[in-house]
Structure formats: structure tokens, C-alpha cells
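# Fold and contact review
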Amino acid sequence: RMKIHRLFIKTHRILGICLSILFLMWFVSGIVMMYHTYPRVEKEQALAFAEDIDTVLLPIQNLVEELPLRDPVKSISLNKRAGENVIRISTEEEEFLLNARTGLPIGKFSSGQLQQIANRWSSGDAMLKDTLNEIDVWLIGAYPFKDFPVYHYCFPDEEKGELYLSSRTGDALQFTTWKSRFWAWVGAIPHWIYVKQFRAHGRQPWKDIVLWVSGIGILMTLSGIYVGIRSFRIARKKHHTGTPYRKRLFRWHHLAGLCFGLFTLTWIFSGFMSLAQVPQWISKVHEPRNVRDEINGSSLALDAYRLDCQRILEQEGIKNLTWTSLGGYPCYKVETEKETYLVDATIPSEVRRLEVDETFCREMMQHIRGKEVPVEVSLLTEYDNYYISLKNALPLPVYKIKVRDADKSCYYLDPVDGSCRYFNENTRYRVWMYKGLHCFSTVFFARHHTLRDVLMWILLLGGCVLSVTGVILSIRYVSRN
């Protein structure tokens, strides 16, 4: 027993020397991330600065037929960039950008065209700051590996805004202000270990590093809990106190570990689960699903779109038009600055909004899964423990579609824009292991924000005390040796 105890002490000490500063950084940045996250271009923001589409458009069917396609068309969208309507046609492996007026392919947007796009985001003339051919710390979340060179603009305003535009598509990849950059530097960037060198070769190297570091952190925390509990039991027997340590720093570290060690373990474990999958031996996935292909289809049947999109574009203020479908039912998704809605594409004579109700959801799911599969549809007007946003960012109401299959599948379908979230038994376990433990993302805490904030502050500050004492003890140990 003594040898095992010493092994745990050495394990905790050595790993603590390596990871205590990292744990302190995670706890401090975790407090910041309760209120500020990594900046990104919001959908509403992009639509607000986008140009209105006009009706000068070649027939889509003709444009598709002239392309050298190797796979079926998966998605089509129309928007306007630098005064020209742009058609984006995508397959599983390729993406084509065409001028909707001439039908000619668009290779890259010129610097003059990108300047026009950037000026729409600024009250004055946007200034080109840099032309990037490699990843930037603010582009990590956008994965712009197909978009180089990326044009980096800065704006002459009080917010000191900076915009990143793709030269391939003209899309805004990132927009930041001095405030969002500051909070990201003390919050999301250290918390997620957003080091651009880790992400320069894709997501996997960064993911592997985070999983290994957090996995070792779990081992360090487990060994610390063992040592702490054993020391507590010895102290209770011999000295009738809670800690055997006489030196103040050791005592604080031990007591903080007894109080917050379990939270530290669940927090680092849930951070690990943010990138890991629930093992099949815990909850088996009987039938893996591509929900986007299920709901929106793996290919577009353009012959089924009987309504000419020109009729939709006669309306003013349309920023984006997408050819889509819901369970094989063809429709258009129309996005304006104020709203998003679906248009029935099967009626050639009029522009009629698609009515998505319980009957439609049931028929859609039976079309996808077969009529013999039992389906239960209900209208969800409040968040549940899986379809939830602590900041009320997810739309309501949505249709909750439960399918009685081996995976206990459940779909949450937004009737406004057709977007869908899917959970099975395995992913429900992951919700609890990740969001439930890491940020208390549950219905109860969504209804009691103040209680959640107070509890998170207490636990995170406790983790900071545990980490600070660990850092000082590590420095002193290294200095002595």
C-alpha cells in the first residue's frame, strides 16, 4: 500500500508540474467564456451587409447541364457579390461558382470586387491590411483552406473592425472588433488552445493534442483525489483534523482539492468529451445517419422544381436563395434581412410559403424511414435537455419527431427554415458527458440563470485556488531540485 501511495504522489506531483499552469489558464478563461466566446460572422450580420439579388438569371437546368459534373448536384444557392448574381453549385466533392447572368465560371474575385464587398461592411472606405496565404489566429474556426488568398481589411471606426474575405467565394469568413478580439485572447483562444501552428494542417492534429493533454489531466486529477482522500483519512485518525499538512500552502492545496477535486475531474473529463465520441460499448449506434442527406436529400431533383425562381426574385430584399428539399419535397429557402422562409416549389402558378405542420413532419419522416416505422410528432415550445441554448439562440417552436428504432432517434425540425438537429441514444449520452457537466446546459439551469452563474463562479474560482496553489508548489519543488 505504501508503494502504491508513493506512486500516486509522484504521479500527481510530476503531472502537476507539467499541467498546473494549463489548468489555471483553463479555469480563468472558463470564467470569461461564460460571457464571451470566439468571434464569428453571424448569419444575421452577413445578411444585413449582403446585396439584394435581382432577376437577371439564366435557367438553372441549363447551367447544371453544361458543367463537367462527376457526382449528382447536392446543393444550389444564389446570392449577389460585387454587383453580380453568383450561382454556387455543389456536389459531394466539387463546388462551381458561375456568373448567373453570363453562365461563365468565376475563378477568383478580383481585389476591386473584394473592395466593393468590404466597403458594404464599413461606414467609410475599408483599408486592405494584408493578403493572407496561410492560416491566421482569427481564421481558425473558419477552416479557409480552399479560400486563399484571404483578404484582410480593417475599418476606420471606433470599434476597429476587421474583416476577412475569401477571394474564391467573396464570403465573409470572419469579422472582429477590438472588444471581441480582447475577450477572445483572454477567453476562447487559451481555453480551446487555439494555436495556429496546431491548426495549420487541419483540425485533426489540434484535436489529438487537446485529447492527449486533457486525458493526462484526468490522470493527474484522479491521482490527486486519491492522495487527498487518503491524507484526509489519516489526518482524521491521528490528529482529528481535515488535513495532515502544517505548511499553509500544502494545507490550502489539500483542502481545495477535497472541496473542488471532484468538480475538477468532471470538468476536465467533459472537456475531453467535447472532442471525443461516446464508446460503442457504452451506447451502440445501430444505424449511423447523415441527417442532412436524410432531411434535405443527397441530390437535387431539379425537374421537380416547377416554380420558376424568377417569380420569387420579383420580390425586393432577397439576399440569398437556396434550392433545397424536406424529405424529398422540393422547396426554396428564401433569406432576407428580416426573415427566412420556405417556398413550395411544386406549384408553378404562384409563390406560396411551404406549410410545415405535424402532418407534413409525419409524412416526411415516413418517406425517409418507411411507413412501417412508428413516428411520434409534437410541437416543442420550450427547450428540453437536448434541444437547448442557455443564451436562447436556438429558434422555437420546433417539431420534435421521435422514431421508435433501435437508436431511439429524435429529430428537432425548425418549420421556418427546415434546419434539423438529430439525437440518438449515443449522442444523448454525449450531451450529458460534455455540455451537462461542462457548462450545466440543462433545462433547469436555463430557467435559473442567476443560480447557474453563481454556482459556476464558485466552482471555477475554487478551481483557480486549487490551480494557483499547485503552480506555486510546483515552482518551489522544481527550484529545490
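Every chain's residues receive numbers from 1 upward, in the order its sequence appears when written. In keeping with the model being predicted, local features are shown solely for residues with a pLDDT of at least 70 and side-chain atom pairs are shown and tallied solely at 80 or more, while totals for entire chains, interfaces and linings include all residues. Hydrogens are left out, water is left out, and the side-chain values use all remaining heavy atoms of the structure.

## Here we look at the side chain of Arg 199
Keep this limit in mind: Note on conventions: DSSP H or I runs of at least 4 residues are helices, E runs of at least 2 residues are strands, and numbering of each starts at the N terminus. Whether two residues are in contact is decided by their heavy atoms, any of which lying within 4.5 Å being enough.
Its place among the elements puts Arg 199 in helix H7 (residues 196–199). Once residues lying within four places of it in the same chain are set aside, the contact partners of Arg 199 are Ile 135, Ile 140, Tyr 143, Phe 145, Tyr 194 and Trp 206.

## Topic: the state of the cysteines
Put simply, the rule reads: When the sulfur atoms of two cysteines come within 2.5 Å, that pair is taken as a disulfide.
A full pass over the atoms with the stated rule returns 0 disulfides. No disulfide involves Cys 410; its nearest neighbouring cysteine sulfur is the one of Cys 420, lying 9.0 Å away.

## Some words on the pattern of salt bridges
Keep this limit in mind: The working definition used for a salt bridge is a side-chain nitrogen of Lys or Arg within 4 Å of a carboxyl oxygen of Asp or Glu. Burial classes: relative accessible area under 20% of the type maximum marks a residue as buried, over 50% as exposed, and values in between as partly exposed (1.4 Å probe, protein chains only).
For the structure on display, the rule yields 24 salt bridges. Glu 294 is paired through a salt bridge with Arg 369; the nearest N and O atoms lie 3.9 Å apart. On the criterion of sequence distance, the pair formed by Glu 294 in helix H10 (residues 291–296) and Arg 369 in helix H12 (residues 358–369) is long-range, its members being 75 residues apart. Among the salt bridges present, the one from Asp 384 reaches Lys 400, with a minimum N-O distance of 3.3 Å. Here Asp 384, found in the loop between strand E11 (375–380) and strand E12 (398–403), pairs with Lys 400, found in strand E12; they are 16 residues apart in sequence, far enough to count as distant. For the pair formed by Asp 384 and Lys 400, the shared burial category is buried. Salt bridges sharing common partners tie together Glu 287, Arg 289, Glu 294, Arg 369 and Asp 405.

## Details of the sheet that holds strand E8 (residues 318–326)
Heads up, the condition is: Any two strands with at least two DSSP bridges between them are considered paired. Fitted lines through C-alpha atoms give the axes, limited to the stretch in contact for helices. The angle between two N-to-C directions lies from 0 to 180 degrees.
Read across the sheet, 6 strands follow the order E3-E2-E1-E8-E9-E10 without closing on themselves; strand pairing throughout is antiparallel. Of all the strands in the sheet, the pair left with one neighbour each is strand E3 (95–99) and strand E10 (340–344). Between one strand axis and the next, the sheet turns by 20 degrees as a mean value, whatever way the strands run. Pairing analysis gives 7 bridges linking strand E1 (residues 75–81) to strand E2 (residues 84–90), with the strands arranged antiparallel. Paired with Ile 76 across the two strands is Ile 89, which belongs to E2.

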